[in-house]
Amino acid sequence: MAVSFINNASIAAGAGISTTKLGAGAVLQVVNSQTNGGTFSTTSTSFVDTGYSLSITPTASSSKILIIVTASITTTSTSQQVGATLYRGATSLNTAGLTNYENSSGSGYQWVPSTMMYLDSPSTTSSTSYKVFFKTTGGTGYYGAGNAGVSFTLMEIAA
């Protein structure tokens, strides 16, 4: 049985495997942050910065960045909505919001799991910061339930 190995010429010293050998769609790097404790709250009807952010430095300007953020969201007011979206620096990646929840329970509020996913094309090899923004249509909106926390993942994908 023959065993094949990666051509040593495709491995740059200290830099890992060449992206040209991996091909489009390969995951080049993953950055993750898990935050437990603390909950962001707002009464703002416009998107405001939650303080949850994560940065990545792409290895190629053609790379895509897959953003995945999971958190619980809720609002204290019946028939009101909350929404979250993502920003790259000061640029909104979706002005309508990437996740929404409406409190239709007549008694108090319930935490609802929420996941945002977005495939971005930052076209840079400079450090790039992504942030979660949040708003409510009335009452107080909450993002990132205390013990459940927030999971924030950035994955560089070869193009």
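Residues numbered from 1 in each chain as written. Predicted model: local features only at pLDDT ≥ 70, side-chain atom pairs only at ≥ 80, totals over all residues. Heavy atoms only, no water.

S.K.: In this structure, what is going on with the overall build of the chain? I would like to understand it.
M.R.: Helix and strand counts for the chain stand at one helix and 13 strands. Along the chain, helices (α) and strands (β) appear in the sequence β-β-α-β-β-β-β-β-β-β-β-β-β-β when read from the amino end. Counting all 159 residues of the chain, 37% fall into the buried class. When contacts within the chain are restricted to residue pairs at least 6 apart in sequence, those whose partners lie at least 24 apart make up 82%. In the structure as shown, the chain presents an accessible area of about 8,200 Å², 50% of it carried by carbon and sulfur atoms. (Helix = DSSP H or I, 4+ residues; strand = E, 2+ residues; numbered from the N terminus. Buried < 20%, exposed > 50% of the residue type's maximum accessible area, 1.4 Å probe, protein only. Contact = heavy atoms within 4.5 Å. Areas by Shrake-Rupley, 256 points an atom, 1.4 Å probe, with all protein chains shown as cover.)

S.K.: Would you explain the pattern of salt bridges in this entry?
M.R.: Any two side chains of opposite charge can pair if their charged atoms end up close together. With the rule as written, the count across this model stands at one salt bridge. The salt bridge involving Arg-88 is made with Asp-120; its shortest N-O contact spans 2.6 Å. Taken together, the residues span a long stretch of sequence, with Arg-88 in strand 7 (residues 81-88) and Asp-120 in strand 10 (residues 112-120) at a distance of 32 residues. Residue class for Asp-120 comes out buried when judged on its relative accessible area of 3%. (Salt bridge = Lys/Arg side-chain N within 4 Å of Asp/Glu carboxyl O.)

S.K.: Where do I start with the pairing of strand 6 (residues 64-75) in this structure?
M.R.: Walk down a regular strand and you will see the side chains alternate between the two sheet faces. Within strand 6, nine of the twelve residues are buried, which leaves the element mostly enclosed by the surrounding structure. In the sheet, strand 6 pairs with strand 13 (residues 150-157) via eight bridges, with the strands oriented antiparallel. When the bridges of strand 13 are listed, Leu-66 appears paired with Met-155. Across three bridges, strand 6 lies against strand 12 (residues 141-143) in antiparallel orientation. The partner of Thr-74 across the bridge, within strand 12, is Tyr-142. (Pairing = 2+ DSSP bridges.)

S.K.: Could you clarify how one ought to interpret the nonpolar core in this entry?
M.R.: Most often, soluble globular proteins have nonpolar side chains that are buried together. One finds Ile-67, Val-69, Tyr-130, Val-132, Tyr-143, Phe-152 and Leu-154 to be the most contacted residues of the largest nonpolar core, which totals 22 residues. Mapped onto this core, the elements with two or more residues apiece are strand 5 (48-56), strand 6, strand 7, strand 11 (128-136) and strand 13. Here Phe-152 is in contact with Val-31, Asn-32, Ser-33, Tyr-52, Ser-53, Leu-54, Ile-67, Ile-68, Val-69, Tyr-130, Lys-131 and Val-132, once residues within four sequence places are set aside. (Core = buried A, V, L, I, M, F, W, Y, C linked by side-chain atoms within 4.5 Å.)

S.K.: What am I meant to see in the environment of Ser-61 here?
M.R.: Structurally, Ser-61 is set in the loop between strand 5 and strand 6. The spacing of Ser-61 and Pro-122 is 61 residues in sequence and 7.4 Å in space, taken between C-alpha atoms. Sequence-distant contacts of Ser-61, defined by excluding residues within four places in its chain, comprise Ser-123, Thr-124 and Thr-125.

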